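Read off the chains here:
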Amino acid sequence: MSDLVFIAFPTEQKAEEVRQKILAMQREYLIELGDAVVVVKDQAGQIKLNQLINLTTTGAASGALWGTLIGFIFMAPLLGTALGAASGALGGKLTDVGINDQFMKDAAAALQPNTAGLFLLIRKMTTDKVLADLRGSGGTLMSTSFDETKEAALREALAAAAPGETVAGTSQATAAT
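What you see is a predicted model; the values in this text were computed from it and never measured. (Residues numbered from 1 in each chain as written. Predicted model: local features only at pLDDT ≥ 70, side-chain atom pairs only at ≥ 80, totals over all residues. Heavy atoms only, no water.)

Caption draft 1: Expanded view of the overall build of the protein chain. A tally of regular secondary structure across the protein chain gives seven helices and seven strands. For the protein chain, buried positions account for 33% of its 177 residues. Taking the intrachain contacts of the protein chain between residues at least 6 apart in sequence as the baseline, contacts between residues at least 24 apart amount to 69%. In the form shown here, the protein chain has an accessible surface area of approximately 10,400 Å², with 60% of it arising from carbon and sulfur atoms. (Helix = DSSP H or I, 4+ residues; strand = E, 2+ residues; numbered from the N terminus. Buried < 20%, exposed > 50% of the residue type's maximum accessible area, 1.4 Å probe, protein only. Contact = heavy atoms within 4.5 Å. Areas by Shrake-Rupley, 256 points an atom, 1.4 Å probe, with all protein chains shown as cover.)

Caption draft 2: Inspection of the nonpolar core at higher detail. With 26 residues, the main nonpolar core has V5, I22, L33, L120 and L154 as its most contacted residues. Breaking this core down by element, the ones donating at least two residues are β1 (3–9), α1 (12–27), β2 (31–41), β4 (115–125), α5 (127–134) and α6 (148–159). In contact with L154, not counting residues within four places along its chain, are V5, L131, L134, L141 and F146. Core analysis: the next-biggest nonpolar cluster, separate from the first, contains eleven residues, L49, I99, A108 and L121 among them. (Core = buried A, V, L, I, M, F, W, Y, C linked by side-chain atoms within 4.5 Å.)

Here it is as structure tokens:
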């Protein structure tokens, strides 16, 4: 079963930085994601979703390829390309994989203007290693489907000071002694 996590960040850049860090962990097989979406709430309160994959573009490209191939059969490759691209784009726009877009927009309404959030659909993860890598990333855990123990550990990891971060003008190692 997958778990859903929503973390708020002060800036879009910070949310994107954490998403890239998590995607790097996925390449190391520490986490398996179903989806990772950065949401941005602008000054006017409009919410924009930055999906990993643009399904409209992907659908248009795939449709254009298949339309061209079918168009060659009927001696009208340009018409086939155009019809294939249009139908592929429409199909891509209507397709929703991963986290439901309307759910993300509704949940992101809780964000302050000019902030961002990161939605993660986590299939599997090596919890201790992922939390260690996220330590000090910042952000506020808005909601999660984790159990209380995992949720508390994630909150603690996000809020913890990053390794080597200064605390009141001294390094963390100095402050600890």
